[in-house]
Amino acid sequence: MPEKTRAADLCTCEGSPMEAAAITRSIREAAADLLGRGVVDAVLGYSAGWRDEAATPCVVTRVEDVDQLVFGAQCTHNLAKYLVGPDGWLTAPYRAAQRKRPLAVVARPATMRALTGLLQEHQFERADVIILGITDGLPVGVEPDIQVGVIPEDAARNARIQQQLAELEAMTPEERWAWWEAQYARCIRCYACRQVCPFCYCEQCIADENQPQWIERSSSVTNNRMWNTIRVFHLIGRCVDCGECERVCPADIPLGVLHAKMRLEVEEAFGYVAGIDVDALPALLQVNAADPDRPAKR
Ligand code: SF4
Ligand code: SF4
């Protein structure tokens, strides 16, 4: 592990281009240092996208390429996604045989919470990643190995989700059902929400199985409800609120508020918040002998 370098004093980003530029500089310096000393084979981060409002995840393997790395408000992707699953950098069998050194990962706060959750789920070892962390003052579980920046909390998004939650809570169950049915009716079953989520790493997704076929593939209200219900239940107690599923949904389905509601339920029922304690046993893996709802022994 490299010695911890605190670059936060340089990078108190308030979202302005200068401050984002300071974070970009810190990322490039850290990447050049790690690659130059042979500590890592590669750095996973963001590069410029095809337009100013977009960024593209990228892997840099040579010191002379570190200037490809950028940081700004457009760098939203949860890069933890690239580490896991059948083709994941840290989990693909064909890579495991070749991999000699850890991977450096540029990690926004939500990416760090996802790394925490994936470590809790034993998807890889802490020593497999060197975290170039960007924090916002909220708990993220894992400590960055190198802190490359500080950004403000996304207060506007948090306020929007709270507002949506309050509106949904004010509905009757029948109104809420009708509201969600109307949202799900727009789903085109593109599975983009699954593809971006770091916690959707199953080798075979239940939505792709055809013997038996648990969920019909055609887009209908019933099938869409089934898909979205299975997906959200799969992510209960695991979702770290990165917002990527909602961002990529082409049908503009408010997945953020759906997951926010589930997070609240888990917190109220079990006192557990996903992605903030790497040593915690995930809520739905715990068995409480005193739970009054636990089935009696036969
Ligand atoms: S991204 Fe949106 S439209 Fe696509 S499957 Fe998910 S919920 Fe449906
Ligand atoms: S917000 Fe969506 S993409 Fe992000 S962890 Fe939760 S379910 Fe996955």
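Scroll up to find the structure.
This structure is a prediction, so every number in the text was calculated from the model and none was measured. (Residues numbered from 1 in each chain as written. Chains lettered and ligands numbered in written order. Predicted model: local features only at pLDDT ≥ 70, side-chain atom pairs only at ≥ 80, totals over all residues. Heavy atoms only, no water.)

Visitor: Which residues make up the overall build of the protein, and what values do they have?
Guide: Within the protein, the secondary structure is distributed over nine helices and six strands. C-alpha atoms of the protein, sized along the principal axes, occupy 60 × 45 × 40 Å. For the protein, long-range pairs separated by at least 24 residues make up 65% of all intrachain contacts whose partners lie at least 6 apart in sequence. For the protein, the accessible area works out to roughly 15,800 Å², and carbon and sulfur atoms hold 53% of it. Computed over 31 positive and 41 negative side-chain charges, the separation of the two mean positions in the protein equals 5 Å. (Helix = DSSP H or I, 4+ residues; strand = E, 2+ residues; numbered from the N terminus. Contact = heavy atoms within 4.5 Å. Areas by Shrake-Rupley, 256 points an atom, 1.4 Å probe, with all protein chains shown as cover. Lys, Arg positive; Asp, Glu negative; His and termini not counted. Charge placed at Lys NZ, Arg CZ, Asp CG, Glu CD.)

Visitor: For the nonpolar core, give the residues involved together with the corresponding values.
Guide: By size, the foremost hydrophobic cluster in this structure holds 80 residues, and its most contacted members are Leu 83, Phe 124 and Leu 132. Three or more residues apiece are contributed to this core by two domains, here domain 1 (5–150) and domain 2 (155–280). In this structure, Leu 132 is in contact with Ala 30, Leu 34, Val 43, Val 105, Val 106, Ala 107, Ile 146 and Val 148, ignoring residues within four places of it in sequence. (Core = buried A, V, L, I, M, F, W, Y, C linked by side-chain atoms within 4.5 Å. Buried < 20%, exposed > 50% of the residue type's maximum accessible area, 1.4 Å probe, protein only. Domains from an automatic or database assignment.)

Visitor: If you had to explain the pairing of strand E6 (residues 146–150) to someone new, which residues and values would you point to?
Guide: Within E6, four of the five residues are buried, which leaves the element mostly enclosed by the surrounding structure. Summarising the sheet, strand E5 (residues 129–135) and E6 pair through four bridges and their orientation is parallel. Paired with Leu 132 across the strands is Ile 146, a residue of E6. (Pairing = 2+ DSSP bridges.)

Visitor: Mind laying out the environment of Val 106, listing which residues take part and the relevant values?
Guide: In this fold, Val 106 is placed in strand E4 (residues 103–107). Residues Val 106 and Ile 146, spaced 40 residues apart in sequence, show a C-alpha to C-alpha distance of 9.6 Å. Apart from the residues lying within four places of it in its own chain, the contact partners of Val 106 are Ile 27, Leu 44, Gly 45, Tyr 46, Leu 79, Thr 111, Leu 132 and Ile 134.

Visitor: Give me the pairing of strand E2 (residues 42–48): which residues, what numbers.
Guide: Taking burial as the measure, the seven residues of E2 include six buried ones, the bulk of the element. Where E2 and E4 come together, three bridges link them in parallel fashion. Residue pairing for E4: Val 43 is matched across the bridge by Ala 104. Judged from the six bridges that link them, E2 and strand E3 (residues 55–60) form a sheet pairing that is antiparallel. The residue bridging Gly 45 from the neighbouring strand is Cys 58, located in E3.

Visitor: Describe the pattern of salt bridges, with residues and values.
Guide: Enumeration according to the criterion identifies 16 salt bridges in this entry. One salt bridge in this structure joins Arg 37 and Asp 33, with 3.0 Å as the shortest N-O distance. One salt-bridge network, held together by shared partners, links Arg 62, Glu 64 and Asp 65. (Salt bridge = Lys/Arg side-chain N within 4 Å of Asp/Glu carboxyl O.)

Visitor: Lay out the site of ligand 1 in plain terms, naming residues and giving numbers.
Guide: Taken together, 13 residues sit near ligand 1, with Cys 187, Cys 190, Tyr 191, Cys 193 and Cys 249 positioned nearest. Secondary-structure elements contributing two or more residues to the shell around ligand 1 are helix H6 (192–196) and helix H7 (221–234). Among the residues forming the shell around ligand 1, the class breakdown is eleven nonpolar, one polar and one charged. (Near = heavy atom within 4 Å. Nonpolar A, V, L, I, M, F, W, Y, C, P; charged D, E, K, R; others polar.)

Visitor: Please set out the site of ligand 2 residue by residue, giving values where relevant.
Guide: Taken together, Cys 197, Phe 199, Arg 231, Leu 235, Cys 239, Val 240, Asp 241, Cys 242, Gly 243, Cys 245 and His 259 form the complete shell of residues around ligand 2. Here the shell around ligand 2 is composed, by residue class, of seven nonpolar, two polar and two charged.

Visitor: An account of unusual backbone geometry is requested, with residue identities and associated values reported.
Guide: Omega for the peptide link from Gln 211 to Pro 212 comes to -5°, which places this bond in the cis form. In this fold, Pro 212 is placed in the loop between H6 and H7. Residues other than glycine seldom take positive phi values, yet Tyr 191 does so here, at roughly 65°. Residue placement: Tyr 191 occurs in the loop between helix H5 (173–184) and H6. A positive phi angle, near 65°, is found at Asp 241, a position not held by glycine.

Visitor: Can you break down the packing of aromatic side chains residue by residue, with the values?
Guide: A full pass over the atoms with the stated rule returns four aromatic pairs. When the ring of Tyr 191 is compared with that of Trp 227, the centres are 4.7 Å apart and the planes differ by 75°; the resulting orientation is edge-to-face. Of this pair, Tyr 191 sits in the loop between H5 and H6 while Trp 227 is found in helix H7, placing the two residues 36 residues apart along the sequence. The exposure classification of Tyr 191 matches that of Trp 227, with both residues buried. Here the aromatic cluster, defined as three or more aromatic residues joined through ring pairs, consists of Trp 179, Trp 180 and Tyr 184. (Phe/Tyr/Trp six-rings, centres within 6.5 Å; stacked < 30°, edge-to-face > 60°.)

Keep in mind that these numbers describe shape and distance, not what the molecule does.
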